[in-house]
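Next come the chains, spelled out residue by residue.
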Amino acid sequence: MCLRSPRQAALKKIRPPMEFASYLLPLFQLNVIGAIALGTLGGLIVGALPGLTATMGVALLIPLTFGMTPVMGLNMLIGIYIGGIYGGCVSAILLRTPGTPASAATVLDGYPMAARGEAGKALGMATIASTIGGLFAAVVLATLAPQLAGIALKFGAPEYFALAFFGLTIIASLSGDILKGVLSGMVGILIACVGADPISGVLRYTFGVSGFASGFAFTPALIGLFALSEVFTQMERLALDPGRAMPVTGRWPSRQDMSESKGGLIRGSLIGTIIGIIPGTGSGTASWIAYNETRRSSKQPHKFGTGYAPGIAATESANNAVCAAALIPLLALGIPGDVVTAVLMGGLMIQGLAPGPMLFQTNPDVIVGIFGGTFLATIFMFIFGMLLIPLFSRILLIPRHILAVSIVIFCFIGAFAINLNAVDLYTMVGFGVLGWGMQKFGFSQPAVCIALILGPMMESNLRRGLLQTGDDVLAFVSGPITLLFLGLAVLSLVWPLIAARIARNVTLPSE
Amino acid sequence: MLERKGDIWIGCGLLAFCAFAAWRSTMVKSVSAGTSAGPTFVPWLMIAGIAILALALVIRALRSQDLSRVDLPEKAVFIKMAALAVLMVAYAAAFMAIGYLPATLTVFVIGLWLFDERRWLVLTLVPVGITGVVYLGFTEFLNVWLP
C-alpha cells in the first residue's frame with residue numbers, strides 16, 4: 001500500500017496527455033533540434049575514428065552544454081552517445097578496426113562484406129539495424145523508466161546505500177580483471193573522499209588547497225580520464241600504420257538481406273535492451289551475445305563470419321539498443337547503466353539536476369524531453385548515416401595529429417569553463433596521466449569514474465542511515481529492497497565469471 | 001615489460017599510497033556526530049581494502065607464470081609523451097597567467113611539433129585557424145569567459 005501513493009505521484013507527473021504534450025514543446029524548438037542533430041553528427045564522426053570513443057566524445061563536450069537549457073544540453077550529449085556508438089561500425093567495416101568497443105563484433109561480418117565490394121551494403125545494414133534497435137529501446141525507456149522511478153521513490157537511506165553499493169559492484173563487471181577493477185573502484189572512492197565530509201563538514205585530505213574543499217571537480221576529472229588520456233594513446237598509435245579504408249559503393253541492403261536479417265534484428269534489439277538495463281554491462285557485451293544467439297539459432301550458421309548481413313544486423317541493433325536502455329537505471333535509480341551514461345551523469349550535474357526518481361517529480365519536462373530527444377537522435381542517426389555512407393571513407397582520412405592537439409585545447413577550455421578555476425586544469429591533467437597509466441596496466445578507468453559518482457552517495461547514505469538507526473547495521477540488510485540490491489550486488493560480482501563462460505562458448509569463425 | 005612485473009611495482013606503490021593516506025587520515029579532525037562512523041570511517045575502510053587487494057596483487061604476480069607483456073611505448077615515443085605531459089602542465093599554468101590566445105597558440109604549435117608535424121604552413125595556419133574559431137565559438141556563441 002505504501003508503494004502506491006508515491007508511485008502514482010511519479011506517474012501522475014508525466015502521464016496526463018496535455019501535460020505530456022506541453023513537456024514536449026521545449027524539444028521542438030529549432031535550436032534544440034539543431035543541437036541534437038549536431039550532437040548526433042559529431043558523435044558519428046567521433047565514433048567512426050578508431051580510438052575516439054563515444055565516452056570520450058560525451059566527456060569532452062559536457063562543458064559545451066553549460067550555457068544550454070537542460071533539454072537542449074542533455075539531448076545533445078545523448079545525440080553524441082547514440083551517434084558515437086553507431087559510428088563505431090564505420091571503421092569496423094572499412095578498416096577492420098572497431099571505432100568503439102561496441103562494434104568489435106561487427107568486424108566479423110562487416111569487413112568481409114567490404115572486402116568483396118559490398119561496403120555500402122554493410123554500412124546500410126548497420127544503419128538500419130542501429131535505427132531499429134535504438135527506436136525499440138527508446139520505446140522501452142519511455143515506458144519502463146517512470147514505473148521504476150515510482151518504485152524508487154519509496155527508498156530511504158539504507159536502500160540508497162544498497163543501491164550505491166550495487167552500482168559500485170558494477171566495477172567488477174566493467175573490468176576484465178576483477179582484482180584490478182575493484183582496486184580501481186576503491187581508489188576512486190578514496191579520491192572521492194577528498195574535500196568536506198558530507199555529514200560533519202570537516203575537511204579531509206585537502207592539503208590546505210582551498211580549491212579542493214569541495215573535492216575534485218567531477219567533470220574535469222572525467223575529461224582527464226576519458227579524453228586527455230586518449231591523446232597520449234593517440235601519440236602511441238600514430239607511430240603505427242593507420243590502415244587503408246575500403247572504397248564504398250552502394251547504400252541499401254537487398255530484400256533478401258533484409259528478409260534473412262529479421263531474426264537478428266529482433267534478437268539484437270531485445271538482447272541489447274535487456275543488457276542495457278542491467279547496470280555495468282554495456283554495448284560490447286550486448287553485441288557479442290546478440291551475435292552468438294543469432295548465429296546459434298540461424299539455419300545457416302556457417303555463413304556467419306564470411307560477410308553475412310544478419311551478423312551485422314544482430315550486433316548493430318544490440319549495441320544501439322543499449323544506448324536508450326542504459327538511460328533507464330540512470331534516470332530512474334540514479335545509477336549509470338554503462339560507462340557513457342556514467343559520464344552523462346556529469347551532464348546532468350552541470351545542469352544542477354540529480355538523476356534518480358525525484359527527477360521525475362521535480363523536472364518532468366526534462367524527463368519527457370530526454371525520452372523525445374532519444375527518438376529524435378536515433379532518427380537523425382539514420383538520416384546522417386544513410387546520407388554519409390559514400391563519404392565515410394573520407395571521414396577516416398581526417399589528420400589524426402591535428403585532431404589530437406585540438407582535443408587537448410578542447411579539454412582545457414572545457415575543464416576551465418565549468419568553474420573558471422585553474423585548479424581544475426591541474427586536476428584534469430593529473431587524471432589524464434592517471435587514466436593513460438591505468439589503461440596501460442589493465443586497471444579500469446570506468447571503475448574510477450563510477451566510484452567518483454557513487455562513492456559520495458554510498459558514504460552519505462551509509463552514515464546517515466547509521467545516524468538514524470543508532471548504529472544498527474542490521475537495518476541495512478533487513479528490508480526487501482536492500483536485500484534485493486545486495487543480492488544483485490553479489491550477482492554483479494559473479495557476472496564476470498558468467499560472462500567469461502559465455503565468451504568461451506562463443507567459438508569465433510576462422511578468418 | 002612483463003605484466004606481472006608491472007603488477008608488483010603497482011602493488012608496492014599502492015601499499016605506499018595506503019601508508020600515506022593512513023598518515024593523513026590521522027590528521028583529520030574527529031567530530032562527534034551521534035554515530036561511531038566519523039569523517040574517516042569510509043576512508044579507513046578503503047585504505048584497509050586497498051592495502052589487502054594490493055597485497056593480493058603482489059602475491060598473485062609473484063606466484064604467476066604468465067608471460068603476458070604490457071606494450072610500453074618506445075623510448076623516443078615515451079620522451080615525446082612525457083614532453084606532452086609537461087606541456088600540458090605548462091599550459092595549465094599559462095592559461096590564466098598569460099591568457100588563452102597566446103598560451104593556446106604556443107601549445108598548439110609545440111603540440112603539433114611533438115606529433116612530428118614539420119610543414120611550416122600547417123604549423124602556422126592550423127593553430128591560428130582552430131584557436132581563433134574555438135575562441136569565437138566559446139566567447140561569442142556559448143558566452144564562456146576565456147582569460
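These figures come from a predicted structure and were not determined experimentally.

**Q** Before we move on, can you summarise the overall build of chain B with the specific residues and values?
**A** Along chain B, the regular secondary structure elements total five helices and zero strands. Taken against the 2.2 N^0.38 rule, which gives 15 Å for 147 residues, the C-alpha radius of gyration of chain B at 24 Å runs more than 25% over that of a compact globule. Considering only C-alpha atoms, chain B reaches an extent of 60 × 50 × 25 Å along its principal axes. In chain B, buried positions account for 25% of the 147 residues. Intrachain contacts of chain B at a sequence separation of at least 6 include 60% that bridge at least 24 residues.

**Q** Mind laying out the interface of chain B and chain A, listing which residues take part and the relevant values?
**A** Contacts between chain B and chain A engage 52 residues on the former and 45 residues on the latter. Partitioning the side of chain B that touches chain A into residue classes produces 39 nonpolar, eight polar and five charged.

**Q** Tell me what's going on with the environment of Phe216(A), and back it up with residues and numbers.
**A** All names here are of chain A. Looking at the secondary structure, you find Phe216 in the loop between strand 2 (203-204) and helix 10 (218-237). Taking the number of C-beta atoms within 10 Å as the measure of exposure, Phe216 has 20 and is therefore buried. When the C-alpha atoms of Phe216 and Leu265 are compared, they prove to be 43 Å apart, with 49 residues separating the residues in sequence. With sequence-adjacent residues up to four places away left out, Phe216 is seen in contact with Ile191, Val194, Ala221 and Thr427.

**Q** Could you give an account of the environment of Leu123(B), with specific residues and numbers?
**A** Residue and element names in this part refer to chain B. One can find Leu123 in helix 5 (residues 120-141). Judged by C-beta crowding, with 15 C-beta atoms within 10 Å, Leu123 ranks as partly exposed. Once you skip the residues sitting within four places of it in the chain, Leu123 turns out to touch Val109, Leu112, Trp113 and Glu117.

**Q** Go over the packing of helix 14 (residues 339-350) of chain A against helix 20 (residues 445-469) of chain A with me, naming the residues and quoting the values.
**A** All names here are of chain A. Helix 20 packs onto helix 14 with a crossing angle of 40° between their chain directions and a minimal axis gap of 10 Å. Taken together, the axis directions place helix 14 and helix 20 in an arrangement best described as oblique. Between helix 14 and helix 20 lies a crossing whose hand is left-handed. Across the interface between the two elements, Val339, Ala342, Val343 and Met345 of helix 14 pack against Pro446, Cys449, Ile450 and Ile453 of helix 20. Residues belonging to the contact of helix 14 with helix 20 are distributed by class as follows: eight nonpolar, no polar and no charged.

**Q** Requested: an account of the nonpolar core, with residues and values cited.
**A** Judged by nonpolar contacts, the single largest core of 209 residues is most densely connected at Val58(A), Tyr81(A), Ile93(A), Val343(A), Cys411(A) and Ile50(B). Looking at this core, you find at least three residues from each of domain 1 (3-63) and domain 2 (75-141) of chain B. When residues no more than four places from it in sequence are discounted, the contact partners of Ile50(B) are Leu183(A), Met186(A), Val187(A), Leu190(A), Leu14(B) and Cys18(B).

**Q** Describe in detail the domain arrangement of chain B, supporting the description with residues and values.
**A** Domains assigned within chain B are domain 1 (3-63) and domain 2 (75-141). Between the C-alpha centres of domain 1 of chain B and domain 2 of chain B the distance comes to 38 Å.

**Q** Pulling in residues and values, what's your account of the confidence of the model for chain B?
**A** All names here are of chain B. Overall, the prediction assigns chain B a mean pLDDT of 88, with 98% of residues at 70 or greater. Per-residue pLDDT, averaged within each element of chain B, yields its smallest value for helix 5 (87) and its largest for helix 2 (residues 41-63) (94). Both scores are given for the predicted complex: the pTM is 0.78, the ipTM 0.91.

**Q** Tell me about the packing of helix 13 (residues 309-333) of chain A against helix 16 (residues 364-388) of chain A, and name the residues and values.
**A** Two quantities define a packed helix pair, namely the angle between the axes and the distance from one axis to the other. All names here are of chain A. One can describe the packing of helix 13 onto helix 16 by two numbers: an axis separation of 11 Å at closest approach and a directional angle of 170°. Between helix 13 and helix 16, the interaxial angle falls into the category roughly antiparallel. Contacts between helix 13 and helix 16 involve Ala324, Leu327 and Leu331 from the first element and Ile367, Ile370 and Thr374 from the second. Class assignment for the residues of the contact of helix 13 with helix 16 results in five nonpolar, one polar and no charged.

**Q** Now, about helix 5 (residues 70-94) of chain A: what can you tell me, with residues and values included?
**A** Residue and element names in this part refer to chain A. Taking 1.5 Å of rise per residue, the 25 residues of helix 5 would be expected to cover 36 Å, and the 36 Å separating its terminal C-alpha atoms lies within 8% of that figure. Among the 25 residues that make up helix 5, 25 are buried, leaving the element largely enclosed by the rest of the structure. Arg96, located one to two residues past helix 5, shows a positive phi value of around 65°.

**Q** Could you give an account of the confidence of the model for chain A, with specific residues and numbers?
**A** With 89% of its residues at a pLDDT of 70 or more, chain A has an overall mean of 81. Per-element confidence in chain A ranges from a low mean pLDDT of 51 for helix 1 (residues 4-14) of chain A to a high of 91 for helix 19 (residues 422-440) of chain A.

**Q** I'd like a rundown of helix 3 (residues 30-48) of chain A, residues and numbers included.
**A** In this model helix 3 of chain A runs 27 Å from its N-terminal to its C-terminal C-alpha over 19 residues, within 8% of the 27 Å that 1.5 Å per residue would give. Helix 3 of chain A sits mainly inside the fold: 14 of its 19 residues count as buried.

**Q** Before we move on, could you go through the environment of Ile8(B) and cite the residues and values that matter?
**A** Residues and elements named next belong to chain B. Secondary-structure assignment places Ile8 in helix 1 (residues 3-25). Looking at Ile8, the number of C-beta atoms within 10 Å reads 17, which means it is partly exposed. Distance in space between the C-alpha atoms of Ile8 and Leu62 is 7.4 Å, their sequence separation being 54 residues. When neighbours within four sequence positions are excluded, Ile8 is seen to be in contact with Val58, Ala61 and Leu62.

**Q** Run through unusual backbone geometry, naming residues and quoting values.
**A** Residues and elements named next belong to chain A. If you check the backbone angles, Tyr205 has positive phi at about 50° while not being a glycine. Among the structural elements, Tyr205 can be located in the loop between strand 2 and helix 10. Phi angles above zero are rare outside glycine, and Phe207 is one such case at about 55°. Here Phe207 is to be found in the loop between strand 2 and helix 10.

Cut-offs applied
- Residues numbered from 1 in each chain as written.
- Chains lettered and ligands numbered in written order.
- Predicted model: local features only at pLDDT ≥ 70, side-chain atom pairs only at ≥ 80, totals over all residues.
- Helix = DSSP H or I, 4+ residues; strand = E, 2+ residues; numbered from the N terminus.
- Rg over C-alpha atoms; globule rule 2.2 N^0.38 Å.
- Buried ≥ 20, exposed ≤ 12 C-beta atoms within 10 Å, placed from the backbone.
- Contact = placed C-beta atoms within 7 Å.
- Nonpolar A, V, L, I, M, F, W, Y, C, P; charged D, E, K, R; others polar.
- Axes fitted to C-alpha atoms, helices over the stretch in contact; angles between N-to-C directions.
- Parallel < 35°, antiparallel > 145°, perpendicular 65-115°, else oblique.
- Left-handed = near helix turned anticlockwise from the far one by under 90°.
- Core = buried A, V, L, I, M, F, W, Y, C linked by C-beta atoms within 7 Å.
- Domains from an automatic or database assignment.
- pLDDT = per-residue confidence, 0-100.
- Expected span 1.5 Å × (residues − 1).

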